[in-house]
Amino acid sequence: MKARKVQPQRRPWPVLLLLLLTVLWQGCSVLPQLVRHSDPLTATEHVQLGNSYEEQGLHDRAIEQFQAALHLQKNNAVALNNLAMAYLAAGKDLSKAERWAQMALNQGGLLKPYVLDTLATIYIQEHRYPEARKALDEAARAAPADNKALGDQLAKSRENLRVRSAAANSGN
């Protein structure tokens, strides 16, 4: 009878370890990962989207878009003024609306008469009629003579001021 050669018993752990590492390595590629996305929209596009929401009466969504624009461009006068107007339309904190409008006004430029109209509207809401009148007078001086739409808006704001201040005076 021939003697049988005894084979050393192979331990399966190296193979199992290799298999486990392979599964873990592959598995990690399908696990949820935190990815930082950059905003695909520009500040101008956020303002346009905010204006669209505002036209639909979706003030909170408009506010979010104007704030996103300001996150990208902190001194964007259009976003600041529109944020103030959205707060005003939503009946939110008027002191914040006034602060944003003042920040927009400090930027100067062609937006000045529009921002002054926004400030006048805030002042009217707060029954600060002399300040509203002063803002509207300054807006009229800053407005281009050939801008009929702006002229009409300022006239509408003046009428609102006249009606509201007359009502306040008749109540005294």
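Anything mentioned here points back to the structure above.
Being a predicted model, the structure only gives us computed values, none of them experimental. (Residues numbered from 1 in each chain as written. Predicted model: local features only at pLDDT ≥ 70, side-chain atom pairs only at ≥ 80, totals over all residues. Heavy atoms only, no water.)

(A) How the structure looks around the overall build of the chain. Tallying secondary structure elements over the chain gives 8 helices and 0 strands in all. By residue count, 30% of the 172 residues in the chain fall in the buried class. Put simply, of all contacts in the chain between residues at least 6 apart along the chain, 49% involve residues at least 24 apart. (Helix = DSSP H or I, 4+ residues; strand = E, 2+ residues; numbered from the N terminus. Buried < 20%, exposed > 50% of the residue type's maximum accessible area, 1.4 Å probe, protein only. Contact = heavy atoms within 4.5 Å.)

(B) Structural detail: the packing of helix H6 (residues 112-125) against helix H8 (residues 148-170). The interhelical angle for the contact between H6 and H8, taken along N-to-C directions, is 15 degrees, at an axis separation of 10 Å. Comparing the axis directions of H6 and H8 gives the class roughly parallel. Where H6 crosses over H8, the handedness of that crossing is left-handed. Residues Pro113, Tyr114, Asp117, Thr121, Ile124 and Gln125 of H6 lie in contact with H8, whose contacting residues are Leu150, Gln153, Leu154, Ser157, Asn160, Leu161 and Arg164. Here the residues of the contact of H6 with H8 are counted per class, giving 6 nonpolar, 5 polar and 2 charged. (Axes fitted to C-alpha atoms, helices over the stretch in contact; angles between N-to-C directions. Parallel < 35°, antiparallel > 145°, perpendicular 65-115°, else oblique. Left-handed = near helix turned anticlockwise from the far one by under 90°. Nonpolar A, V, L, I, M, F, W, Y, C, P; charged D, E, K, R; others polar.)

(C) Structural view of the side chain of Asn81. Summarising the element assignment, Asn81 is placed in helix H4 (residues 77-90). Note on Asn81: relative accessible area 3%, which makes it buried. Polar contacts involving the side chain of Asn81 include one to the side chain of Thr118, which spans 2.9 Å. Apart from the residues lying within four places of it in its own chain, the contact partners of Asn81 are Ala104, Leu111, Tyr114, Val115 and Thr118. (Polar contact = N/O pair within 3.5 Å; in protein donor to acceptor, adjacent residues only side chain to side chain.)

(D) Seen up close, the pattern of salt bridges. Applying the stated criterion across every chain yields a total of 8 salt bridges. A salt bridge links Arg128 to Glu126; the shortest N-O distance between them is 2.5 Å. We note a salt bridge from Arg158 to Asp137, for which the minimum N-O separation is 2.5 Å. Of the two residues, Arg158 is situated in helix H8 and Asp137 in helix H7 (residues 129-142); the sequence distance between them amounts to 21 residues. Given a relative accessible area of 31%, Asp137 falls into the partly exposed group. One network of salt bridges, with partners in common, ties together Glu98, Glu126, Arg128 and Glu131. (Salt bridge = Lys/Arg side-chain N within 4 Å of Asp/Glu carboxyl O.)

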